[in-house]
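Commentary on secondary and tertiary structure
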Amino acid sequence: MATSLMSLSSSFLQPLKLKTLAKPRKADLSTTRKIITTCDSQNNTGKSNPSSRNPNFQKRRNSSKYGTSRRSILKKSFLQEQVTFTARVSDDPHVAIIGGGMAGLVCALNLEARGVQSTVFDTGIHGLGGRLGTRIIEPQGLIFDHAAQFFTADDSRFIKLVDGWLEKGLVREWKGAVGELEIGGSFSQFPSSSPPRYIAANGMRSLADSLLLESQMVNLVRPCWISKLEPLNGMWHLSENGTPRGQFDVIVIAHNGKCANRLLSASGLPLVAKQMKKLDLSSIWALLAAFDDPLPTVNFEGAFVKGVESLSWMGNNSAKLGNGRTPPHCWTFFSTAAYGKQNKVPQENIPTVTAEKVKAGMLQGVEIALGLPEGSLPKPVYTRLQLWGAALPKNTPAVPCIFDPQGRAGICGDWLLGSNLESAAISGAALGNHIAEFLQNGEANPEEFAIGLHDRLSPLAGHDIGQFPGLTSVGEKEEANAYQLL
């Protein structure tokens, strides 16, 4: 297996009827395969070859014709009919996972552990990961974690997963000084009793790119923008701007925002679409900046900035990754959610005037936070500005996953439980196990496998840039629901 998998038999997930994961039999390389390709050259239909049946998935039924039926469901804002699959699932089921962030990848790995093959479609040009994003600028050799900066582990199931990554050398503990920065340069380090902070060994994206390396039943297709989901003859047919990308028994939406809403708007999944549409997301600006000289007065590697509207976080990537003694010094700066909202523009086409205004405002925020005279901050030798238009969830249904058994479709993601890497992994594992259970036992009474289709969303507690499970805020004795970057 590519990594240790989470057991989900706790009471927290009992409504899912999940089983403790058993280790799969060793894969026979002659009968299983992993395809990593790009959409430009992707000719695979996505449907498995009957001759390459998965030995771990027991054949339970005879072959039969596929079929679908529709019943009208009128929703005030979703005037689409609910697709209801009536045909039996194929003997060698294949799941499509749209989104290659932490939730989608863990979902795929848990499906594999239960003997179900999947194909992950991801839009990443440089790599996988979603919010596990790292930018490497050549030929200068600059490296920036431009989304998640680090993560903590509080849930025992996620701790077990992280322990497996530590053993493989995929992650390590970040022991540099991290804390809170008050206006004027007053830095307070998090107490030693705080939980370990983890980072990927070679930038956060390297963790995502490593998770599927040892898998035998997970195909990977990127970069690929799935633009249409169509139920036809008992299967889900996926396409990218008119080009077929395969047919699948079950689909998983492992991303969110306007792209996911657009994809679901005419999918025949009104209940799933309605839940996704309820999600409220913040916007945050990310400024990547490299300096020839160390920033003045800085005695930390990462800091949550307090009291500066244009700045909520500043992190020294070079120091974090062990390259902090020699220039250039690569920093990641994040705005507050309020600043992101005030200066929100289409992230695909940021006006030059807005980009210059935001960059100047964030660099001025750095000066204010550090207590430097105006205009004294060293001029960066490299900058790149990015708007995370769908940065962080602001509300949650507090369910591990969403699944529509009639339409054979599900959703996983951090927003279903919180706003952090831990929530994403738990959600992906929950949905992977739930789908496997449905494929094996859900034919007689599929309605019993419906989950999360009607739950209300509640405001998500914590700082406006998210949560770090288990992290205690400086000066507070009680556990704080604070801090998870992107």
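These figures come from a predicted structure and were not determined experimentally. (Residues numbered from 1 in each chain as written. Predicted model: local features only at pLDDT ≥ 70, side-chain atom pairs only at ≥ 80, totals over all residues. Heavy atoms only, no water.)

Here's the deal with the packing of helix 2 (residues 156-168) against helix 9 (residues 421-441)
Close contact between helix 2 and helix 9 brings their axes to 10 Å; oriented N to C, the two are set at 95°. Between helix 2 and helix 9, the interaxial angle falls into the category roughly perpendicular. Contact with helix 2, carried on its side by Arg-157, Phe-158 and Leu-161, involves Leu-421, Glu-422, Ala-425 and Ile-426 of helix 9 and no other residues of that element. (Axes fitted to C-alpha atoms, helices over the stretch in contact; angles between N-to-C directions. Helix = DSSP H or I, 4+ residues; strand = E, 2+ residues; numbered from the N terminus. Parallel < 35°, antiparallel > 145°, perpendicular 65-115°, else oblique. Contact = heavy atoms within 4.5 Å.)

As for unusual backbone geometry
Note the cis peptide between Glu-138 and Pro-139, where omega equals 10°. With respect to the helices, strands and loops of the structure, Pro-139 is situated in the loop between strand 6 (134-137) and strand 7 (142-145). Geometrically, the link from Pro-327 to Pro-328 is a cis peptide bond, its omega value of -5° lying close to zero. Secondary-structure assignment places Pro-328 in the loop between helix 6 (317-320) and strand 20 (329-334). Look at Thr-297: it is not a glycine, yet its phi comes out positive at around 70°. Mapped onto the elements of the fold, Thr-297 is located in the loop between strand 17 (284-291) and strand 18 (302-306). A residue is classified by how much of its surface remains accessible, and Thr-297, at 54% relative accessible area, is exposed. A positive phi is found at Ala-398, a non-glycine position, where the angle reads about 60°. Take Ala-398: it is sitting in the loop between strand 22 (395-396) and strand 23 (402-404). (Buried < 20%, exposed > 50% of the residue type's maximum accessible area, 1.4 Å probe, protein only.)

A few points about the sheet that holds strand 15 (residues 243-248)
One open sheet holds the three strands; their spatial order is 13-14-15, and the pairing between them is antiparallel. Whereas interior strands pair on both sides, the edge strands pair on one side only; in this sheet they are strand 13 (228-232) and strand 15. With strand direction ignored, the average angle separating the axes of adjacent strands in the sheet is 25°. Both strand 13 and strand 14 (residues 235-240) contribute to a ladder of five bridges, which runs antiparallel. The residue of strand 14 that forms the bridge with Leu-232 is Met-235. (Pairing = 2+ DSSP bridges.)

Looking at the pattern of salt bridges
Applying the stated criterion to the full structure yields 12 salt bridges. The partner of Arg-245 in a salt bridge is Glu-240, and the shortest N-O contact between them spans 2.9 Å. What emerges from the salt-bridge pattern is a single network uniting Glu-180, Glu-182 and Lys-306. (Salt bridge = Lys/Arg side-chain N within 4 Å of Asp/Glu carboxyl O.)

What about the sheet that holds strand 10 (residues 186-189)?
Sheet architecture is open: seven strands sit in the order 10-9-18-19-20-17-21, paired in mixed fashion. The outermost strands of the open sheet, each flanked by one partner alone, are strand 10 and strand 21 (382-388). Going from strand to strand, the sheet's axes swing by 20° on average, the running direction of each strand aside. Strand direction decides the pairing type here: strand 18 and strand 19 (residues 313-316), joined by three bridges, are antiparallel. Within strand 19, the position partnered with Gly-302 by the bridge is Gly-315. Here helix 8 (residues 352-370) sits on the sheet in contact with strand 9 (178-182), strand 17, strand 18, strand 19, strand 20 and strand 21, set at roughly 70° to strand 17.

Scope: geometric values only; no functional claims are made or implied.
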